[in-house]
Structure formats: structure tokens, C-alpha cells
Amino acid sequence: LYGSIEAVPDRVRSVQARFPGIVRGVDVGLGDRVARGQRLATVESNDTLQTYAVTAPIGGTITARSANPGEATAGPLFTITDLSKVHADLTVFPRDRQQLKPGQRLEVQAADGDARSAAALEYLVPGMPGSQALLAHVELDNAGGLWSPGQFVTARVVVREAEAAV
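One structure accompanies this document, and this report is about it. Remember, predicted model here, so these are calculated numbers, not experimental data.

Bringing the sheet that holds strand β5 (residues 39-45) into the picture now. Judged by pairing direction, the sheet is antiparallel, and its three strands sit side by side in the order β3-β5-β6 without closing on themselves. Whereas interior strands pair on both sides, the edge strands pair on one side only; in this sheet they are β3 (21-26) and β6 (51-55). Strand-to-strand twist in this sheet, taken as the mean axis angle between neighbours without regard to direction, amounts to 35 degrees. Bridge count for β3 against β5 is five bridges, and the pairing is antiparallel. If you follow V23 over to β5, its bridge partner there is V43.

Turning our eyes to something else, we now look at the pairing of strand β11 (residues 116-120). Here β11 shows one buried face, formed by S117 and A119, and one open face, formed by R116, A118 and A120. Hairpin geometry of strand β10 (residues 105-110) and β11 is characterised by an intervening segment of five residues between the two adjacent antiparallel strands and by a positive phi of about 85 degrees at G113.

Bringing the pattern of salt bridges into the picture now. Inspection of every chain in the model, using the stated rule, returns five salt bridges. D27 is the partner of R39 in a salt bridge, and the nearest nitrogen-oxygen pair spans 2.7 Å. Here R39 is found in strand β5, whereas its partner D27 is found in the loop between β3 and β4 (33-34), with twelve residues between them in sequence. Of the residues examined, D27 reaches a relative accessible area of 37% and is grouped as partly exposed.

Quick look at the layout of surface pockets now. Counted as a void, the largest pocket has a volume near 160 Å³. The wall of the largest pocket is formed by L1, Y2, F93, R95, D96, Q99, L100, A155, V157 and V159. Here the lining of the largest pocket is composed, by residue class, of seven nonpolar, one polar and two charged.

What follows concerns the nonpolar core. Across soluble globular proteins, you tend to see nonpolar side chains buried next to one another. L90, V108, V138, L140 and W147 are the most contacted members of the largest nonpolar core, which totals 20 residues. Broken down by secondary-structure element, the contributors of at least two residues to this core are β9 (85-92), β10, β13 (134-141) and β14 (152-157). Those residues in contact with V138 that lie beyond four places of it in its chain are V86, H87, A88, L90, L106, V108, A119, A120, L121 and E122. Counting 17 residues, the second-largest nonpolar core is a separate cluster that includes V15, A41, L77 and F78.

Right, let's get into the side chain of H137. Position of H137 among the secondary structure elements: in strand β13. What makes H137 buried here is its relative accessible area of 6%. At 3.1 Å, the side chain of H137 and the side chain of H87 are in polar contact. Once residues lying within four places of it in the same chain are set aside, the contact partners of H137 are H87, A88, D89, L121, E122 and Y123.

About the thresholds
- Residues numbered from 1 in each chain as written.
- Predicted model: local features only at pLDDT ≥ 70, side-chain atom pairs only at ≥ 80, totals over all residues.
- Heavy atoms only, no water.
- Pairing = 2+ DSSP bridges.
- Helix = DSSP H or I, 4+ residues; strand = E, 2+ residues; numbered from the N terminus.
- Axes fitted to C-alpha atoms, helices over the stretch in contact; angles between N-to-C directions.
- Buried < 20%, exposed > 50% of the residue type's maximum accessible area, 1.4 Å probe, protein only.
- Salt bridge = Lys/Arg side-chain N within 4 Å of Asp/Glu carboxyl O.
- 1 Å grid on protein atoms, 1.4 Å probe; cavity = no way out; pocket = protein on both sides within 12 Å on 5 of 7 lines; lining within 4 Å.
- Points joined across faces, edges and corners; volume = space filled by probe spheres on them.
- Nonpolar A, V, L, I, M, F, W, Y, C, P; charged D, E, K, R; others polar.
- Core = buried A, V, L, I, M, F, W, Y, C linked by side-chain atoms within 4.5 Å.
- Contact = heavy atoms within 4.5 Å.
- Polar contact = N/O pair within 3.5 Å; in protein donor to acceptor, adjacent residues only side chain to side chain.

Structure follows, in C-alpha cells:
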């Protein structure tokens, strides 16, 4: 199977200012690792002219930053992504559908061959509209940072096993 690594949707947070105002300071940059509760920026409220801290709702990596000192707080200021777990979304061609079921073991390998992980097929879902392909979904532990979103991967699935006398 072929596919790519994706961030787990419930491990991504868009961080906005609580009250409208002007960004007075930014404490983090793109790619920085942050802890839950860590200050990301300081904003001056338009209503009270008091400053307050914008903090990280989860620990993870800053994957988008659109806050700069002096700018108004319109929309998300940061995106934080927890990459300790990621998904491999793999394309299943029609001829292979009947051989796959949740729980099957597989090995996911980076297209460049550097990273490998054993995993189990979680579920199959319909693919893109107008396509006959399915999407095989696999969750991978990424505590070691082997996988990054957008990375191309291949997977080998165990579809049948048989004991043989040697």
C-alpha cells in the first residue's frame, strides 16, 4: 500500500486571543516545541488596555504562526500540533479490498527507507469522491520523531499466514 503521514486531527489546536486586541509580544517561533500552559504571546485588550497572556492549550510543536508584534488579533495566532502520534493514510486499490480487515498487522516504511514501524490496520473508509479506492487508516507511535506530516510511506500487510513444517 502507498500513502502519507498525517497529523491526528484531535491533536491539533488553533490558538486565538481570548479578547480582541494588539499583539505586544511573541514568545515562540515556527517549529518550537511548547508545553501545555506555556505563554505563546502577550496581547493588549482593546477594551481594557490591559495585557494578558495567550497560552498553549496542549503540548506540541508550533506548526503555524500568524502573530507578530503590533498586529491586531484577527483569527488564529498559532497552530500547535502534538506529533507524538500520527496517522498513516494508505490507498487501497479495488483489487486488494477483500484481503484487508481491521486488526491486520502491517509494517509502515518511509519512502526513503529510513523509518519503519509495525502497526495494525485500524479501519477502512471510502476514499476520495469519484474514486473506487479505499483509505486504510493506521495510527503510529511517533515518540521518537521518526514520522512527519506529508511524508510519503509504503506499507506491507500480512494478508495470510500458514504454518509449514521445516
